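# A structural walkthrough
Here's the letter readout for the chains.
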Amino acid sequence: MVQFVADVMVGKLARWLRVLGFDVAYSNTFEDDEIIRIGDSENRIILTRDVPLAARRAWPRSLLIESVNYKEQVRQVLRTFQLTEFNVFSRCLECNTPLDRVDKEAVFEKVAPFIYLTHDRFAMCPSCGRVYWRGTHAEKMLARIEMLR
Ligand SMILES: [Zn+2]
């Protein structure tokens, strides 16, 4: 499975790739040297809008993102790497950790009562503790993913 490291200019792209289940290292404090180091040591493809940064690791070790529009950016990545299989909502959007499915009882104290009562499927990030559920927000994101294909 292809893995990425994203530069600070493509944070929204990084988030959307995580929604689709892809492993994307990203922080809004990453500097160029750190991105290069992570790319090399963790065998990740660098996603960047910065021409000099992209030039430091030639294709296919980096991909220069062409558009400023995140939908176009997602399309470019999916098209370039011919990615058609997605594992949506399997990864924490905040810290990139694969989510664990958890029993409803386990999130009783972690979500609002309305959410608890109206949803049955929950997942939790074992790293940062964030809880995810398949709600209207998730459905809207899925609808937008369909538009991206
Ligand atoms: Zn997390």
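My aim in this report is to walk through the structure given alongside it, one point at a time. (Residues numbered from 1 in each chain as written. Predicted model: local features only at pLDDT ≥ 70, side-chain atom pairs only at ≥ 80, totals over all residues. Heavy atoms only, no water.)

## Points about the coordination of the zinc ion
The zinc ion binds to the protein through C92 (SG), C95 (SG), C125 (SG) and C128 (SG), with metal-donor distances spanning 2.3 Å. The site at the zinc ion holds four donor atoms, and with the angles between them running 98 to 123 degrees, its shape is tetrahedral. Mapping the donors of the zinc ion onto the primary sequence gives the spacing C-x2-C-x29-C-x2-C. By relative accessible area, C125 is classed as buried at 2%. Classification of C128 as partly exposed rests on a relative accessible area of 44%. (Donors = N, O, S within 2.8 Å, 3.2 Å for Na, K, Ca; no water. Tetrahedral: all angles 85-135°; square planar, octahedral: opposite > 155°, others 65-115°. Buried < 20%, exposed > 50% of the residue type's maximum accessible area, 1.4 Å probe, protein only.)

## A look at the sheet that holds strand β1 (residues 4–6)
If you trace the four strands from one edge of the open sheet to the other, you get β2-β1-β3-β4, paired in parallel fashion. Sheet topology places β2 (24–25) and β4 (62–64) at the edges, where each strand pairs with a single neighbour. Direction of pairing for strand β3 (residues 45–48) relative to β4: parallel, over a ladder of three bridges. Each bridged residue has a counterpart across the sheet, and for I46 the counterpart in β4 is S62. Here helix α4 (residues 70–80) sits on the sheet and contacts β1, β3 and β4; the angle it forms with β4, its principal contact strand, is near 135 degrees. (Pairing = 2+ DSSP bridges. Helix = DSSP H or I, 4+ residues; strand = E, 2+ residues; numbered from the N terminus. Contact = heavy atoms within 4.5 Å. Axes fitted to C-alpha atoms, helices over the stretch in contact; angles between N-to-C directions.)

## Here's the deal with unusual backbone geometry
Following W59, the chain continues to P60 via a peptide bond in cis, the omega torsion being 5 degrees. Residues other than glycine seldom take positive phi values, yet N43 does so here, at roughly 55 degrees. Here N43 shows up in the loop between α2 (32–41) and β3. One non-glycine residue, F89, adopts positive backbone phi at about 55 degrees.

## A few points about the packing of aromatic side chains
Across all of its chains, the model carries six aromatic pairs by this definition. Among the aromatic residues, those joined into a ring-pair cluster are F4, W59 and F81. The ring of Y116 has K104 lying over it, and the distance from NZ or CZ to the ring centre is 5.0 Å. (Phe/Tyr/Trp six-rings, centres within 6.5 Å; stacked < 30°, edge-to-face > 60°. Lys NZ or Arg CZ within 6 Å of the ring centre and 35° of its normal.)

## Describing the nonpolar core
Counting residues in hydrophobic clusters, the biggest one holds 31 residues, and the most contacted among them are F4, L13, L17, F22, L47 and V77. When residues of this core are traced back to their parent elements, those giving at least two are β1, α1 (11–19), β3, α4 and α6 (136–148). Ranked by residues supplied to this core, first place goes to α1 with five residues. Dropping the residues within four chain positions of it, L47 is found in contact with F4, V5, A6, D7, V10, L13, L17, L63, I65 and V77. (Core = buried A, V, L, I, M, F, W, Y, C linked by side-chain atoms within 4.5 Å.)

## Quick look at the side chain of S62
Residue placement: S62 occurs in strand β4. S62 sits in the buried class, given a relative accessible area of 5%. Engagement of the side chain of S62 in a polar contact is seen with the backbone oxygen of A54, the distance being 3.0 Å. Within the structure, the side chain of S62 is placed 2.4 Å from the backbone oxygen of R57, a separation counted as a polar contact. Those residues in contact with S62 that lie beyond four places of it in its chain are I45, I46, A54 and R57. (Polar contact = N/O pair within 3.5 Å; in protein donor to acceptor, adjacent residues only side chain to side chain.)

That is the geometry; function is a separate question.
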